[in-house]
Amino acid sequence: MNEMALLLAATLNAGTVLAIAGLGLLLNERAGIVNLGAEGMMLVAAVAGFATAVHTGSDLLAFAAGMGAGALMAAAFGVLVIWLNTNQYASGLALSLFGAGFSAFVGIGYVQERIGERTVFALPLLADIPVLGPALFRHHPLVYGAIALAAGLAWFLYRSRAGLVLRAVGESPESAHALGYPVRRIRLAAVVGGGALCGLAGAYLSVIYTPLWVEGMVAGRGWIALALTTFATWRPARVLLGAYLFGGVTMLQFHLQGEGVEIASQWLSMLPYLATIVVLVLISRNPAWIRANMPASLGKPFFPGQ
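Quick summary incoming for the structure in this document. Keep in mind that what you see is a predicted model, and the values were worked out from it rather than measured.

This part takes up empty space enclosed by the protein. Taken as a whole, this structure holds one cavity of 30 Å³ or more when the rule is applied. By volume, the largest cavity is sized at about 30 Å³. Looking at the largest cavity, the residues that line it are I33, V81, I82, N85, Q88, R187, P301 and F302. Taken together, the residues of the lining of the largest cavity break down into five nonpolar, two polar and one charged.

In structure tokens:
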């Protein structure tokens with residue numbers, strides 16, 4: 001039972017990174033923008049958050065720095081694709097490549113650095129429950145914050161006027177523009193907000209989850225988070241569920257290695273990415289279901305007045 005509790009705890013931790021990033025990308029896509037630069041944003045945010053934690057010793061400032069770095073990169077992307085009408089896919093890939101190179105350059109001096117002693121979190125009374133306590137109630141507050149974020153985003157999208165306007169912009173920007181809504185500004189706000197969440201995920205990875213900085217430490221999580229939005233059919237609760245599913249697959253490889261299962265480590269390392277491909281293939285078998293849930297203007301430029 002202790003092994004299962006440890007696996008469940010590790011799943012929640014690993015899934016938190018994917019959940020926060022996936023929710024940020026979902027916010028982008030609900031507004032009709034596809035941002036393929038999540039990997040790069042998370043890398044820059046990871047080194048920004050780690051450097052801030054090293055110099056200040058404050059996790060909150062580190063998270064703020066990560067969110068700021070992610071939002072800044074997303075804003076640059078937003079200006080390119082929303083105001084200058086550059087290709088969203090090419091711009092996103094360029095952002096991802098830039099983030100990988102820039103983070104490697106900036107992070108050279110932090111490879112050997114270490115953050116101070118980490119605070120151990122535990123919910124009073126609940127943390128002492130056998131099995132469930134270590135599995136569910138001894139996590140960093142941001143683990144529970146990811147769950148609250150998913151619930152808050154679901155409320156925002158489906159229960160608030162602002163969320164309705166955002167979804168209208170993603171479904172039919174021409175109609176929203178005709179009604180007087182500033183489509184480009186709304187899209188830019190969604191892109192910047194999504195970038196900030198990707199930045200928070202990157203900072204959590206380097207400050208809490210690891211905590212250290214090494215080049216390329218995001219290791220494809222940005223791409224998995226991007227796949228999560230399709231897997232979840234653009235719904236926050238499903239993003240959260242998918243994040244824990246992929247987080248569990250990621251942690252399973254280490255659990256199996258620890259149990260001495262005789263499987264080549266290369267095969268175990270492939271598990272998260274193999275699971276991503278399998279899920280996307282299964283979803284793609286029903287394109288009508290995807291079209292019914294996908295924002296109608298996703299990935300398409302908006303030209304006012306046309």
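Here the narrative resumes.
Our next topic: the environment of L149. Inspection of the secondary structure puts L149 in helix α6 (residues 141-159). C-alpha of L149 to C-alpha of L197: the two residues are 48 residues apart in sequence and 10.0 Å apart in space.

The next thing to look at is the environment of V214. Among the structural elements, V214 can be located in the loop between α9 (183-209) and α10 (221-231). Overall, the relative accessible area of 36% leaves V214 in the partly exposed class. When the C-alpha positions of V214 and S103 are compared, they lie 9.6 Å apart, and in sequence the two are 111 residues distant.

Within the secondary structure, G247 is located in helix α11 (residues 236-258). Along the sequence, G247 and A14 sit 233 residues apart, while their C-alpha atoms lie 4.8 Å from each other. Apart from residues no more than four positions distant in its own chain, G247 is found in contact with T11, A14, G15 and L18.

Moving on, we come to helix α3 (residues 59-83). Taking 1.5 Å per residue as the helical rise, α3 with its 25 residues ought to reach 36 Å, and the 35 Å between its terminal C-alpha atoms agrees with that figure. In this structure, the buried residues of α3 make contact with α2 (38-56), α4 (88-106), α6 and α9. Between a side-chain oxygen at the N-terminus of α3 and the backbone nitrogen of L60 the separation is 3.4 Å; the capping residue is S58.

To continue, consider the packing of α2 against α4. For the pair α2 and α4, interaxial distance at closest approach is 7 Å and the crossing angle is 20°. By the angle between their axes, α2 is roughly parallel relative to α4. At the point where α2 passes α4, the crossing takes the left-handed sense. On α4, the residues touching E39, G40, M41, L43, V44 and V47 of α2 are L95, S96, G99, A100, F102, S103 and V106. The residue inventory of the contact of α2 with α4, partitioned by class, reads eight nonpolar, four polar and one charged.

So, how was this worked out
Residues numbered from 1 in each chain as written. Predicted model: local features only at pLDDT ≥ 70, side-chain atom pairs only at ≥ 80, totals over all residues. Heavy atoms only, no water. 1 Å grid on protein atoms, 1.4 Å probe; cavity = no way out; pocket = protein on both sides within 12 Å on 5 of 7 lines; lining within 4 Å. Points joined across faces, edges and corners; volume = space filled by probe spheres on them. Nonpolar A, V, L, I, M, F, W, Y, C, P; charged D, E, K, R; others polar. Helix = DSSP H or I, 4+ residues; strand = E, 2+ residues; numbered from the N terminus. Buried < 20%, exposed > 50% of the residue type's maximum accessible area, 1.4 Å probe, protein only. Contact = heavy atoms within 4.5 Å. Expected span 1.5 Å × (residues − 1). Polar contact = N/O pair within 3.5 Å; in protein donor to acceptor, adjacent residues only side chain to side chain. Axes fitted to C-alpha atoms, helices over the stretch in contact; angles between N-to-C directions. Parallel < 35°, antiparallel > 145°, perpendicular 65-115°, else oblique. Left-handed = near helix turned anticlockwise from the far one by under 90°.

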